[in-house]
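Overview (structure and organization)
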Amino acid sequence: PLITEYGPVIEVEAAAALTDGVNFNVAFDVTERGGTGGMNRRFESAARFLNMHAAAGVTAAGMNVAIVVHGPAVKDLTHNIAYGGKNANGALIETLQAHGVTVYVCGQSAAAQNVAADDLLPGVEMAISAMTAHALLQQKGYTLNPF
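The model shown is predicted, which means the values in this text are computed figures rather than measured ones. (Residues numbered from 1 in each chain as written. Predicted model: local features only at pLDDT ≥ 70, side-chain atom pairs only at ≥ 80, totals over all residues. Heavy atoms only, no water.)

**Quick word on the pattern of salt bridges**
Inclusion rule: Put simply, a salt bridge is a Lys or Arg side-chain nitrogen that is within 4 Å of an Asp or Glu carboxyl oxygen. To qualify as a helix, a DSSP run of H or I must reach at least 4 residues; to qualify as a strand, a run of E must reach at least 2; elements of each kind are numbered from the N terminus. For every residue, the accessible area obtained with a 1.4 Å probe (protein chains only) is divided by the maximum for its type, and the residue is called buried under 20%, exposed over 50%, and partly exposed between those limits.
Tallied over the full model, the rule gives 4 salt bridges. Here Asp76 ties to Arg33 by a salt bridge, and the two come within 3.2 Å at their closest N and O atoms. With Asp76 in the loop between strand S2 (63-69) and helix H2 (80-83) and Arg33 in the loop between strand S1 (24-30) and helix H1 (41-55), this pair connects stretches of sequence that are 43 residues apart. Judged by its relative accessible area of 0%, Asp76 falls in the buried class. Of the residues examined, Arg33 reaches a relative accessible area of 38% and is grouped as partly exposed. The closest approach of N and O atoms between Arg41 and Glu44, which form a salt bridge, is 2.7 Å. Pair noted here: Arg41 and Glu44 are both in helix H1, with a separation of 3 residues, about one helical turn. Residue classification places Arg41 among the exposed residues on the basis of a relative accessible area of 54%. Each of Arg41, Glu44 and Arg48 takes part in one network of salt bridges that share partners.

**Regarding the pairing of strand S3 (residues 102-106)**
The test is simple: In this analysis, strands are considered paired if DSSP registers two or more bridges between them.
With 4 of 5 residues buried, S3 is to be regarded as a mostly interior element. Sheet analysis places S2 next to S3, joined by 4 bridges and oriented parallel. Looking at S3, one finds that Ala66 is bridged to Thr102. Looking at chain direction, S3 and strand S4 (residues 125-127) are connected through 3 bridges and run parallel. Bridge pairing in S4 places Cys106 opposite Ala127.

**Re the packing of H1 against helix H3 (residues 89-98)**
Inclusion rule: To obtain an axis, a line is fitted to C-alpha atoms, over the contacting stretch when the element is a helix, and the angle between two such axes runs from 0 to 180 degrees between their N-to-C directions. Here a crossing is called left-handed whenever its near helix is offset anticlockwise from the far helix by less than a right angle, and right-handed whenever the offset is clockwise. Contacts were defined at the residue level, with two residues in contact if any of their heavy atoms lie within 4.5 Å. By the convention adopted, Pro, Cys, Tyr, Trp, Phe, Met, Ile, Leu, Val and Ala count as nonpolar, Lys, Arg, Asp and Glu as charged, and the other residues, Gly among them, as polar.
Between H1 and H3, the shortest axis-to-axis distance is 10 Å and the interhelical angle comes to 35 degrees. The interaxial crossing formed by H1 with H3 has left-handed handedness. Contact with H1, carried on its side by Phe43, Glu44, Ala46, Ala47 and Leu50, involves Asn89, Leu92, Ile93 and Leu96 of H3 and no other residues of that element. A per-class count over the contact of H1 with H3 returns 7 nonpolar, 1 polar and 1 charged.

**Examining the layout of surface pockets**
This is how it is decided: Here a cavity denotes grid points, spaced 1 Å and computed from the protein atoms alone, that fit a 1.4 Å probe unable to get out, and a pocket denotes an open set having protein on both sides within 12 Å along at least 5 of 7 lines; residues with an atom within 4 Å of a point are the lining. Grid points are joined across faces, edges and corners, and a volume is the space filled by probe spheres set on the points.
Here the largest pocket is characterised by a volume of approximately 350 Å³. Every residue lining the largest pocket is counted, 13 residues in all, and those nearest its centre are Glu11, Val12, Ala15, Met52 and Ala56. When its residues are assigned to classes, the lining of the largest pocket shows 10 nonpolar, 1 polar and 2 charged.

**Some remarks on H1**
Note the threshold: A helix is expected to reach a length of 1.5 Å times the quantity of its residues less one. Polar contact is the term for a pair of N or O atoms within 3.5 Å; when the atoms are in protein, one must be able to donate a hydrogen and the other to accept it, and sequence-neighboring residues count only if both atoms are side-chain atoms.
The terminal C-alpha atoms of H1 lie 20 Å apart, and with 15 residues this matches the ideal 21 Å at 1.5 Å per residue to within 8%. Considered for burial, the residues of H1 that qualify are Phe43, Glu44, Ser45, Ala46, Ala47, Phe49, Leu50, Asn51 and His53. In the core, the buried residues of H1 are packed alongside S1, S2 and H3. By the N-cap criterion, in which a side-chain oxygen at the helix start approaches the backbone nitrogen of a residue two or three places on, H1 is capped by Asn40, the distance to Arg42 being 2.8 Å.

In structure tokens:
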């Protein structure tokens, strides 16, 4: 796997082969919050996406992944103090970012939940809104990954 710490996958032997040189531009939309003190499984889905396609022969350079977070899930992108204890998502987000994943937080949801830019994990980008982030990603050729 590309990311060994997160995103376990199972090889599907009967799956259709991917064509050489395939590229992915994929956005994940996350609104659900992980359990209190637990990891957000929606964030880990991005790691699974990277791992399963790397196993299928897609290069890391051929995978552009973004996560757009809004609603209650915004709290899962805050540092430990703003989170109110140890945020289990911090290491996962850092690992995803190290593998090129861009993480956006909805500024509208953040404001509604009293989450300031200073409360966010390092590298998380504040967007005007989730709608704005998705619109801009679509203009760059990103597709929305359904869960």
